[in-house]
Amino acid sequence: MNKTLMLSALVSLSFAAAQKTVTLPWSGAITGPTSDAGASYAAGVEDYCKYANAQKMLPGITLNCVTRDDQYNNANTQRNFEDFVANLNAPVFLGYATGGALQLKSVIQETKIPTLTASYHIGIIDAPDNTYTFLPVSSYSENIVALLEYIAKKERGAKVALIVNPSPFGRDPVVDARKAATRLGLKITDVQEVGGNNLDNTALLKRLESQGAKYIINQNTAGPVANILKDAKRLNLLGKMQFMGAHYTGGEDLTKLAGDAAKDFIWATSYYLYDEGTQPGIILAKKIGAQFKRGADTIRSVHYTSGMLASAIAIEAMKRAGANPDAAGVYKGLISMNGSKSFNPGFAVGPVTFSAKDHIGAESLRLLQANATGNFKPITGAQRSALFQLVHPVK
Amino acid sequence: MPASRFTQTGNYRTKYQQDQTIFATYSEQISLIVLIGLLLLLPLILPKTMLRDVNMIMIYSVAVIGLNITTGYTGLINIGQAAFMGVGAYATALAATRLNLPFFLAIPIGGLAGALVGTFVGLPSLRLKYLYLAVATLAFQIIFEWGVGHTPLLAQGGAISLPQVQVFGVKATFFNHNFVWYYLILPVLVVMGLLWRNVLRTKHGRSLIAVRDNDRAAAAMGINPGTAKIMAFMIGSFYAGIAGGLFAYFQKAVVIEDYGLHISIQLLAMAIVGGLGSLPGSFLGPLFIVVLDRVVGGTSNWIGSQNLFPAGVDAATALRPLSFGLAIVLFLMFEPRGLANWWRLSRLYFKKWPYKF
């Protein structure tokens, strides 16, 4: 009896010793500014990571799933990055905020740690220091150029106004939007900056109305956009102006805050939504969410799906790196995702493709429009912006 | 009875010159040397992530000394100290990347840029006082953020990466970054602290305190309050500029988010909690706030993971501003002289030990 016990203990120990632990870390805003998106994103990263462990996706490897709150503070992001890389030997880093990612670029280049961020700011993958930085999906700039293409198809010569967040996150796409508008024959009448404290937008909207702007493109988070939409409704401008926005403006976050004022809002995003229950990625997200007992609001959020995509890409890259997934292996795994080896976990509307030069994963995006019940329905198929690469060549 | 040069249990000073010494006794000198000696050994025992926090505390201390000069010693409310830090950070970044200057020249340039801008921003203090001056400095904070955000030279608030530094053949890499910078920031902090103690014992330093206490009385004594106020802004912003330059290198890149209004408020909180108009308070305030931040961060995570509150109630996010606000209110109500007073009382206790306090 004792011998049997000892033998089984030895077998268990040797099995445990054979299992290697690799850290999959994420640092972002679980609390603090933008935590409404960040908390769901973190849940998506963590749940998919745990699911990968349960499914034994990486033979011989147990993932140490670490999601750490940085309170949207760049210094905390750096602190977390240092801990993950220096102490936990993480071969990959999943980031969150624009500022934190931009600040880390030179460190990422130095440490050669492949990094995927929740910010789709094109500057993150622009030169210099861009060898190891990747965007999981199309950039904000591409979202906005795609919206401009849609407007040009509907109404050539239309007047367009941009409302952007007063930060690098908001301002960055403006240059590309101006270039694209010129090529498309559209007129950008105004670029206004609006932050999270926009409790009354009457002056802003009256100004845009007086300029004759018919299409208003937002590059912001859902909160400020919801306030603008509610004011537009109060001023009876919703029929006269078509409001639109890039990835972080839309989804259920917007419809919950803006209510029926969000009706007809056009949103550009690369992700499938919760209501598209027949999509394999959404079926999986629902299954994993239920398995880890997440609340309905979390599972419904597009940010939950986004977190899962980032996690899935990192894990797939580790898988391709083989038995010893170090940073170099993960990088090779990432840039091997192209052609027949592209990766399609089903969370985004197109496959994830990377190469040494292509650092945008799922480049396809769709435009969706909110209906009266607050659900976004696609008004285009999955597509790439034809113009984007011309106005913003790979740097 | 002559005063002992080793210990003093009371005030035995008989000349003004004795009042002006930096160190009243040898024991003060020795304790500072021992403290610096211990601080030099600190990186050998602290974990890397904690060393990063210590570096942050030291950088914030430099900025808080500067804030104390304008607000604590001169009584001019300044809600734009982070913007002055930002001026120093961007000037340092430009000096390092455009002029290719080494860090030991780029950082002082940041300080000088801060001082220059601070002098200009201080001009309204000739006419404005109290809340009105606070609003003027707040306006500068807003103008700074807007200005950086719309200046292509400054990457519109995006990142300007700084080159790695090399000191005596040792290059600051990712793995020794905190270690190298600890030994660069610590001497700067010590020098800046001693510099202020020196300035404070000159007529210029004392004129700031005189203007704070009563500017009309100061004017009657021959002090020009206007010059004193401008000088306070200039020196305070110089300190902020140096802190900004250090922070730029320490963070490896300058981004506008690091110099926003919330950082100005945080610096003000550090100065209040530490004790306005106190040099030890300028070290204790940042220490308290950074430690509080870590504790609250951990508690927030725990609250968030426990699902104690219904959906839609983000208590974890609320905890941080609540704790900071509460700390400031409690200090203002119950210990307006800040942690520096506790430091003073504990020193006094040991000074008279073993006799009853």
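Remember, predicted model here, so these are calculated numbers, not experimental data.

Some remarks on the overall build of chain B
Next up, step 1: Along its length, chain B carries 14 helices and 4 strands.
Next up, step 2: Taking 21 Å as the expected radius of gyration for a compact globule of 357 residues, we find that chain B reaches 21 Å, a close match to that expectation.
Next up, step 3: By its C-alpha atoms, chain B is 65 × 55 × 45 Å across when sized along the principal axes.
Next up, step 4: A burial count over chain B gives 43% of its 357 residues as buried.
Next up, step 5: Sequence separation of at least 24 residues holds for 73% of the intrachain contacts in chain B that already meet a minimum separation of 6.

Topic: the nonpolar core
In a soluble, globular protein the nonpolar side chains are often hidden away together inside.
Next up, step 1: Leu147 and Leu148 of chain A together with Ile59, Ala63 and Tyr239 of chain B are the most contacted members of the largest nonpolar core, which totals 221 residues.
Next up, step 2: When sequence neighbours within four positions are dropped, the list of residues in contact with Ala63 of chain B reads Gln81, Met85, Tyr239, Ala240, Ala243 and Leu267 of chain B.

Some points on the packing of helix H3 (residues 48-73) of chain B against helix H10 (residues 225-251) of chain B
Residues and elements named next belong to chain B.
Next up, step 1: Axis separation between H3 and H10 bottoms out at 7 Å; the angle between their running directions is 165 degrees. Considering the angle they form, H3 stands roughly antiparallel to H10. Considering how the two elements wind past one another, H3 and H10 form a crossing that is left-handed.
Next up, step 2: Of the residues in the contact of H3 with H10, the class split is 17 nonpolar, 5 polar and no charged.

Things to note about the pairing of strand S9 (residues 242-245) of chain A
Residue and element names in this part refer to chain A.
Next up, step 1: Along S9, one buried face is formed by Gln242 and Met244 and the opposite face, lined by Phe243 and Gly245, is buried too.
Next up, step 2: One ladder, built from 4 bridges, connects strand S8 (residues 215-219) with S9; its direction is parallel. What sits directly across from Asn218, in S9, is Gly245.
Next up, step 3: Between the parallel pair S8 and S9, the chain is carried across by helix H9 (residues 222-234), and the sense of this crossover is right-handed.
Next up, step 4: Relative to strand S10 (residues 266-269), S9 is paired through 2 bridges, and the arrangement is parallel. Opposite Met244, over in S10, you have Ile266 as the bridge partner.
Next up, step 5: In this region the chain leaves S9, passes through helix H10 (residues 252-258) and returns to the parallel neighbour S10; the handedness of that crossover is right-handed.

Notes on the sheet that holds strand S7 (residues 187-193) of chain A
Residues and elements named next belong to chain A.
Next up, step 1: Taken in spatial order, the 7 strands line up as S7-S6-S8-S9-S10-S12-S13 in an open sheet, and their pairing is mixed. A strand with exactly one partner marks an edge of an open sheet, and here the two such strands are S7 and strand S13 (376-378). Averaged over all adjacent pairs, the angle separating strand axes in this sheet is 25 degrees, with direction ignored.
Next up, step 2: Along the sheet, helix H7 (residues 173-184) makes contact with strand S6 (159-164), S7 and S8, crossing S7 at roughly 170 degrees.

What about the UniProt feature "domain: Leucine-binding protein" (unreviewed entry) in chain A?
Next up, step 1: Cross-referencing UniProt, the feature "domain: Leucine-binding protein" (unreviewed entry) maps to residues 21-374 of chain A in the present numbering.
Next up, step 2: Helix makes up 44% of residues 21-374 of chain A and strand 17%, whereas the separation of the span's terminal C-alpha atoms amounts to 43 Å.

Describing helix H4 (residues 98-111) of chain A
Residues and elements named next belong to chain A.
Next up, step 1: With 14 residues, H4 should reach 20 Å at 1.5 Å per residue; the first-to-last C-alpha distance of 19 Å fits that figure.
Next up, step 2: Roughly 50 degrees is the biggest bend found in H4, and it falls at Lys105.
Next up, step 3: Of all 14 residues in H4, 10 are buried, a share of seventy percent or more.
Next up, step 4: For H4, every residue scored as buried is listed here: Thr98, Gly99, Gly100, Ala101, Leu102, Gln103, Leu104, Lys105, Val107 and Ile108.
Next up, step 5: Directly after H4, the chain includes Lys112, whose backbone phi takes a positive value near 60 degrees.

Here we look at the UniProt feature "transmembrane region" (unreviewed entry) in chain B
All names here are of chain B.
Next up, step 1: If you check UniProt for "transmembrane region" (unreviewed entry), the listed places come out as residues 29-46, 58-91, 103-123, 130-148, 179-196, 230-251 and 263-292 in our numbering.
Next up, step 2: Regarding residues 29-46, the helix share stands at 94% and the strand share at 0%, and the terminal C-alpha atoms are separated by 26 Å.
Next up, step 3: Across residues 130-148 one finds 100% helix and 0% strand; the C-alpha atoms that close the span lie 27 Å apart.

Parameters and conventions
- Residues numbered from 1 in each chain as written.
- Chains lettered and ligands numbered in written order.
- Predicted model: local features only at pLDDT ≥ 70, side-chain atom pairs only at ≥ 80, totals over all residues.
- Helix = DSSP H or I, 4+ residues; strand = E, 2+ residues; numbered from the N terminus.
- Rg over C-alpha atoms; globule rule 2.2 N^0.38 Å.
- Buried ≥ 20, exposed ≤ 12 C-beta atoms within 10 Å, placed from the backbone.
- Contact = placed C-beta atoms within 7 Å.
- Core = buried A, V, L, I, M, F, W, Y, C linked by C-beta atoms within 7 Å.
- Axes fitted to C-alpha atoms, helices over the stretch in contact; angles between N-to-C directions.
- Parallel < 35°, antiparallel > 145°, perpendicular 65-115°, else oblique.
- Left-handed = near helix turned anticlockwise from the far one by under 90°.
- Nonpolar A, V, L, I, M, F, W, Y, C, P; charged D, E, K, R; others polar.
- Pairing = 2+ DSSP bridges.
- Right-handed = clockwise from strand over helix to strand, strands pointing away.
- UniProt positions renumbered as here; feature names shortened; annotations may be inferred.
- Expected span 1.5 Å × (residues − 1).
- Bend = angle between axes of the 7 residues up to and from the residue.

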